[in-house]
Amino acid sequence: MTVTQEPETNPIGFGRMQRKEDARFVRGQGNYIDDIVLPGMLHGAILRSPYAHARIKSIDTTAAEAHPKVKAVITGALLETLGLAWIPSLSADVVAVLATDKVRFQGQEVAFVVAEDRYSARDALELIDVDYEPLPAVVDAKRSLDPDAPIIRDDIEGKTNNHIFDWDAGNKEETDAAFAKADVVVTEEMLYPRVHPAPMETCGQISDMNKVTGKLTIWCTTQAPHAHRTIYALVAGLPEHQIRVVSPDIGGGFGNKVGIYPGYVLTVVGSIVTGKPVKWVEDRSENLMSTSFARDYHMHGEIAATSEGKILALRTKTLADHGAFNNTAQPTKYPAGFFHIFTGSYDLEAAYCEVTGVYTNKAPGGVAYACSFRVTEASYLVERLVDCLADELKMDPAELRLKNFIQPEQFPYTCKTGWEYDSGDYPRAMRLAMDIAGYEQLRAEQVEKRARGELMGIGISFFTETVGAGPRKHMDILGLGMADGAEVRVHPTGKAVVRLSVQTQGQGHETTFAQIVAQELGIPPLDIDVVHGDTDNTPFGLGTYGSRSTPVSGAAVAIATRRVRDKARLIAATMLEVSPDDLEWEKGKWFVKGDPSTAKTIQEIALAAHGSMELPEGVEGHLDGSCVYDPPNLTYPFGAYICVVDIDPETLQVKVRRFIAVDDCGPRINPMIVEGQVHGGLADGVGMALMEVIAFDEDGNCLGGSFMDYLLPTSMECPSWELGETVTPSPHHPLGVKGVGESATVGSPAAIVNAVLDAIGVRHADMPLTSAQVWRATEGRPFRTDLAIE
Amino acid sequence: MQVTMTVNGKEVTRDVEPRLLLVHFIRDELGLTGTHWGCDTSNCGACVLWMDGEPVKSCTVLTPMAAGREIRTVEDLEQDGVLDPIQQGFVSQHGLQCGFCTPGMMMTCRHLLDHNPDPSEHEIRVAISGQICRCTGYENIVRSVRWAAEHTTSEEVSA
């Protein structure tokens, strides 16, 4: 095999470029949370509930407190005196920091030990005696609303059931009418099982409360440092200017590191109590069992069409399992996230979406794992339903999709649940994917193989994402509008610094954002420092998730940089003694129109801006610009994915033979990084479709609490990805870019599932399609994959 | 108990608890934080280093078991200011994103190349199959190893 092309080393702007951050990572000099050591630092460990539902009768910490290396033992009773036993969730609920009355899921936080070293802290957990009275647990969301179901949230006054919300979008009457006139209606029950982002680095925090200055410094694995700081100020009553949140290098996030976890709050309390810095880093089981899971959507889906295959309408009634606390991270207005974009890439007459959220005795969360605020569930639902319809109509699934796509001339297109798709050319992407795949030949090969009794399947998924949240008038998290700031400053010698509100977890922001400044200003990316992940040194913004860094912060940087360029123009005009109107810009310099020999480079202009030259009236010294970007709309990346699988007829093991991914995310700032983002998301798809599930037994014991049970894809399950691209710029983004971070995670699971079901000739079976699940499906024995019961 | 071993060519002696995991010894006692910890169950490989020339998962080795042995970590790959070809390959081919699995991956792949200088894609995938990366989908890790196989001299990787 040959390697890919060498990256162009130093493009001044967009293009392939090696990452600036890699120099430290390949030397083992990254600086992750657990690498940070402060003088006198103590270590915390959390005692967790072994029960999914139990009343706490008593907690005896005497023996733990007597441990010679223990400095503090914190329980819910102590937190109650500080008003910190409960904190607000990100979704109009509360979350227990340490359980006071009851535990509500296995792995819930019960006590916190602070000790001199991490081993002693763990030892002391064994010395805490908790007397539990076990209670019946509700594990199955479908039984949580039964009249005899135990009430999980009796902490909420007057709560007599496990219901959280009912929410709908679209037009019910129009949808019912479209279904009534349809020739064909296909209905399917689908589970998108509970999965977990499982970044390689678990979550952790160090808190250091300086009692003299009153300043609290926090180092945290957070994707949203500014949001964390504001929440600490609002919840704990700490003055916001006295809180500094630093997000060091993060070993993957994928949504797992958005929210504030009890462990984080406990390090703050631990530092206040002991007067020392306190570190807590969760272990892998804690990560899988207690931090933000994803999905857990029970979807009843219906699709209506004419007998010729014109899709008329879509309808879903979905049950959302939110676990013991409603702590999903999403814009306030949307309790089901952006799930109502389940209209997908098709031109429909009507659509209606109903979602009911319920409590169960499982860990809280729900929006995580690169899901774009639940576009993942939506995309899976519609792309499975379209395949079910193709099966019903005996039509080729590619042909059915091509027949129903929103056409390029229909953009901007407002879908039936209210989203305004900004731009797209779906047929072009679909045909390119089919060309790369050799779709006709693959179908011919499949016919031959079927005749020989071999199991080969071809699956298609066409997704439309909605990312870059979002317009302030529609979107906030805990009342904070989803706008992001950026500041660009050119130093006297022509080097620059750009300060961001968003926070990389591996996406390569130090390179990409330098390339944006380079593109707009002509300063080489290596001359541009990207500062992020430190609330004392960056402008406010809501952070990195929902593929929003480039759509929101990227736009802020582009506009801030253009403001620098505009200011440079005024200064250059003075230097050249001409009117600014007489100047022309070429990357890196202003010159008198038609005479490039007069050029003043941005570096020369920067020096003049800091020098003694008299500046034009109204122009201040120095060369800088800033912007707070309020996106006018979301962006809508899309893509066409085709998967080819072979299934061993003896073991029913699925092998992904090929995966073709055509992505359209608008212009690519660094194509190498974009391709890397897609590769990673495709592997997520293999994991979710074939391997990953956090299942529970009937007592609420978590059966996916380690990497022995929660299986992630390795190099052996992943094929060599085949990528393609089309470019349809966003008309409202200053750079035309749309974001790509979650596209492949959103789009790929349906393609793989569709391929497996195509191979075995079964209309539907739930993920993960393990050998056992494929066997059950072929035997006609549908089986829940999320419960070890039935 | 007192334990002596050689780490990256230097002999070190420390008093440790017998139960101390090697990964914690390397990170917390010696401050070599390039070796990472990612799971409790020897599944992820973020903690891979070499013991007597063989890649091991250091979360599954007790520190006393390393007594008298030679340990090599990611910090030893760069020699005299020159990156090892495997390090340069990961940079060149975008073989890393968050960087957390990278040291363990590179230690395994360096070992592979030392024993099989021209590995096929399949051989590379088998070599890293005991390690997990959540970012790259493995494609560019495979390419990084091939890059290193094709660029073996220090002149080629001095950039």
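Scroll up to find the structure.
Only a predicted model underlies this, so the values are computations on that prediction, with no experimental measurement involved.

Draft legend 1. Highlighting a negative patch on the surface. Residue and element names in this part refer to chain A. A cluster of like negative charges, contributed by D60, E65, D129, D131 and E133, occupies part of the molecular surface. At three residues, the largest contribution of residues to the negative patch is made by strand β8 (residues 129-134). Following the sequence through the fold, E133 ends up in strand β8. When its relative accessible area of 35% is taken as the criterion, E133 is described as partly exposed.

Draft legend 2. Examining the pattern of salt bridges more closely. Residues and elements named next belong to chain A. What the rule picks out here adds up to 74 salt bridges over all chains. Here R315 and D176 are joined by a salt bridge, their closest N and O atoms 2.7 Å apart. Taken together, the residues span a long stretch of sequence, with R315 in strand β17 (residues 311-321) and D176 in helix α5 (residues 172-181) at a distance of 139 residues. Measuring nitrogen to oxygen at the nearest pair gives 2.9 Å for the salt bridge that ties D624 to R489. With D624 in strand β31 (residues 623-629) and R489 in strand β25 (residues 484-490), this pair connects stretches of sequence that are 135 residues apart.

Draft legend 3. Structural view of the side chain of A:K102. Residue and element names in this part refer to chain A. Positionally, K102 belongs in strand β6 (residues 102-103). Taking relative accessible area as the criterion, K102 reaches 1% and is therefore assigned buried. Side-chain polar atoms of K102 contact the backbone oxygen of I152, separated by 3.1 Å. The contact partners of K102, leaving out residues within four places of it in the chain, are H53, A54, R55, I56, Q108, L135, I151, I152 and D154.

Draft legend 4. Structural view of the interface of chain B and chain A. Every contact between the two is made by 53 residues of chain B and, on the other side, 58 residues of chain A. Both sides of the chain B and chain A interface together cover about 4800 Å² of buried area, and 54% of this is carbon and sulfur. Run the count over chain B and chain A and you get seven salt bridges. For the salt bridge of A:R27 with B:E78, the shortest nitrogen-to-oxygen distance reads 3.0 Å. Counting every contact that joins chain B to chain A gives 27 residue pairs in polar contact (both at pLDDT 80 or more). For the side of chain B that touches chain A, the elements supplying multiple residues, two or more each, are α1 (22-29), α2 (85-92), α4 (121-127) and α5 (139-150) of chain B. Among the elements that make up the side of chain B that touches chain A, the one with the highest residue count is α5(B) (seven residues). Taken together, the residues of the side of chain B that touches chain A break down into 20 nonpolar, 20 polar and 13 charged.

Quick notes on the rules
Residues numbered from 1 in each chain as written. Chains lettered and ligands numbered in written order. Predicted model: local features only at pLDDT ≥ 70, side-chain atom pairs only at ≥ 80, totals over all residues. Heavy atoms only, no water. Patch = residues over 30% accessible without salt bridge, like charges linked within 9 Å, V, L, I, M, F, W, Y side chains within 5 Å. Areas by Shrake-Rupley, 256 points an atom, 1.4 Å probe, with all protein chains shown as cover. Salt bridge = Lys/Arg side-chain N within 4 Å of Asp/Glu carboxyl O. Lys, Arg positive; Asp, Glu negative; His and termini not counted. Charge placed at Lys NZ, Arg CZ, Asp CG, Glu CD. Helix = DSSP H or I, 4+ residues; strand = E, 2+ residues; numbered from the N terminus. Buried < 20%, exposed > 50% of the residue type's maximum accessible area, 1.4 Å probe, protein only. Polar contact = N/O pair within 3.5 Å; in protein donor to acceptor, adjacent residues only side chain to side chain. Contact = heavy atoms within 4.5 Å. Buried area = accessible area lost by both parts, 1.4 Å probe. Nonpolar A, V, L, I, M, F, W, Y, C, P; charged D, E, K, R; others polar.

By themselves, these are just geometric observations and shouldn't be taken as functional.
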